[in-house]
Amino acid sequence: MLERLVNSPSINIVGHRGYKSAYPENTLLAFQKSLEMGVDVLEFDLRFSKDKVIMVIHDETLDRTTNGSGKVSDYTMAELQQLDAGGWFGKPFEGLKIPTFEELCQLLASYPDTLLNVEIKPSSQAKEIADLAIEKLGKYGFLSRCIFTCFDAEIITYIYDTYELRTQGFPEELMSNFVTGKEGTYSKMWSIGISLKLLTPALVKEFQEMGLLVGCWSTDNEQQVYYALGCGVTLLTCNDPQAAMHVRQQMGGIR
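From a predicted model like this one, the values you see are computed outputs, not experimental measurements.

### Examining the overall build of the protein
Along the protein, the regular secondary structure elements total 8 helices and 9 strands. Taken against the 2.2 N^0.38 rule, which gives 18 Å for 255 residues, the C-alpha radius of gyration of the protein at 18 Å falls within 12% of a compact globule. With the principal axes as the frame, the protein shows a C-alpha extent of 45 × 40 × 35 Å. Burial status across the protein gives 52% buried among its 255 residues. Roughly 11200 Å² of accessible area belongs to the protein as shown, and the carbon and sulfur atoms make up 50% of that amount. Here the protein holds 23 positive side-chain charges and 33 negative ones, and the gap between their average locations is 2 Å.

See below:
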């Protein structure tokens with residue numbers, strides 16, 4: 001399924017942590033709204049609870065996106081799900097919960113055509129999280145539509161070497177444990193993500209000549225979308241997918 005992203009004549013849109021600009025990120029509501037919009041790829045972040053349940057949350061700590069504080073890994077799944085993961089974004093969203101990965105998989109079962117960008121957050125438990133996440137995705141029959149992302153090059157290499165699955169990394173300067181050379185980290189990647197701050201036509205060409213699918217983040221207005229397209233990138237990660245969808249429609253593109 002991932003092959004449809006390669007050399008696509010149309011824009012492919014990645015919903016970053018769901019529909020992040022309009023709903024509390026990494027909540028089932030944000031994911032549902034992003035899926036309903038028709039994003040091509042859904043991106044989300046995985047971490048362990050204290051009792052090693054995979055939770056969907058970006059930060060290492062709870063402070064920014066919940067009414068809790070401290071490390072996610074210091075709380076059990078039951079304790080984490082007692083927290084409010086929506087009120088920080090606005091009163092209408094009070095009461096939303098941190099989803100478990102299982103809950104997200106249940107939601108995704110109704111959207112079999114949506115691709116998945118599964119980001120394993122760097123930690124001492126990242127390999128174990130990857131193992132359990134891949135096992136669960138396999139049971140759901142989702143692996144053919146998954147790309148696995150991490151800013152830790154060791155985890156990218158582990159997933160590639162152990163499971164022969166497709167991975168997405170980042171330019172060397174953004175990654176930890178990066179290995180240079182012909183058999184290094186770049187050789188383990190199927191795709192590479194570049195921030196708009198770093199994005200240039202020359203850099204895109206360099207990575208494309210290495211055989212990598214190039215994507216960028218975050219294109220949230222039409223000027224940013226057109227800049228990315230001008231650089232040769234059609235895989236766009238968006239906090240707000242509306243601008244990219246509008247440009248795609250103007251171009252006559254279809255999902």
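What follows picks up the thread again.
### Topic: the pattern of salt bridges
Scanning all chains against the criterion turns up 15 salt bridges. Close ionic contact of Arg17 with Glu25 constitutes a salt bridge, the shortest N to O distance being 3.1 Å. Across the pair Asp45 and Arg17 runs a salt bridge whose closest N-O atoms are separated by 3.9 Å. One end of the pair, Asp45, is in strand 2 (residues 41-48); the other, Arg17, is in the loop between strand 1 (12-16) and helix 1 (28-37), and 28 residues separate them in sequence. Residue Asp45 is classed as buried on the basis of its relative accessible area, which comes to 0%. Take Arg17: its relative accessible area is 10%, and that puts it in the buried class. A cluster of three or more residues bridged by salt bridges with shared partners is formed by Arg17, Glu25, Asp45, Asp59, Arg64, Glu119 and Lys121.

### Considering unusual backbone geometry
In this model, Trp217 is joined to Ser218 through a cis peptide bond whose omega is -15°. With respect to the element layout, Ser218 can be found in the loop between strand 8 (213-217) and helix 7 (222-230). Even without being a glycine, Asn26 presents a positive backbone phi close to 55°. Owing to a relative accessible area of 3%, Asn26 belongs among the buried residues under this scheme. Phi is positive for Lys52, which is not a glycine, with a value near 60°.

### Section: helix 5 (residues 153-163)
Among the residues making up helix 5, those that are buried are Ala153, Ile155, Ile156 and Ile159. On an axial view of helix 5, the arc spanned by its buried residues comes to 165°, and they lie on one face. Of the surrounding secondary structure, the elements contacted by the buried residues of helix 5 are strand 4 (115-120), helix 4 (126-140), strand 5 (146-149) and strand 6 (167-169). If you check the start of helix 5, you find a side-chain oxygen 2.9 Å away from the backbone N of Glu154, and it comes from Asp152.

### Some details on the nonpolar core
Phe44 and Leu46 are the most contacted members of the largest nonpolar core, which totals 58 residues. Considering every element that reaches this core, the biggest residue donor is helix 4, with 6 residues. Leu2, Val14, Val41 and Leu213 belong to the second largest nonpolar core, which has 9 residues in total.

### A look at the side chain of Thr100
Assignment of secondary structure puts Thr100 in the loop between helix 2 (77-80) and helix 3 (101-108). Thr100 gets classed as buried once you look at its relative accessible area, which sits at 8%. Filtering out sequence-adjacent residues up to four positions away, Thr100 remains in contact with Val53, Ile54, Met55, Val56, Met77 and Gln81.

Rules behind the numbers
- Residues numbered from 1 in each chain as written.
- Predicted model: local features only at pLDDT ≥ 70, side-chain atom pairs only at ≥ 80, totals over all residues.
- Heavy atoms only, no water.
- Helix = DSSP H or I, 4+ residues; strand = E, 2+ residues; numbered from the N terminus.
- Rg over C-alpha atoms; globule rule 2.2 N^0.38 Å.
- Buried < 20%, exposed > 50% of the residue type's maximum accessible area, 1.4 Å probe, protein only.
- Areas by Shrake-Rupley, 256 points an atom, 1.4 Å probe, with all protein chains shown as cover.
- Lys, Arg positive; Asp, Glu negative; His and termini not counted.
- Charge placed at Lys NZ, Arg CZ, Asp CG, Glu CD.
- Salt bridge = Lys/Arg side-chain N within 4 Å of Asp/Glu carboxyl O.
- Arc of directions from axis to C-beta.
- Contact = heavy atoms within 4.5 Å.
- Polar contact = N/O pair within 3.5 Å; in protein donor to acceptor, adjacent residues only side chain to side chain.
- Core = buried A, V, L, I, M, F, W, Y, C linked by side-chain atoms within 4.5 Å.

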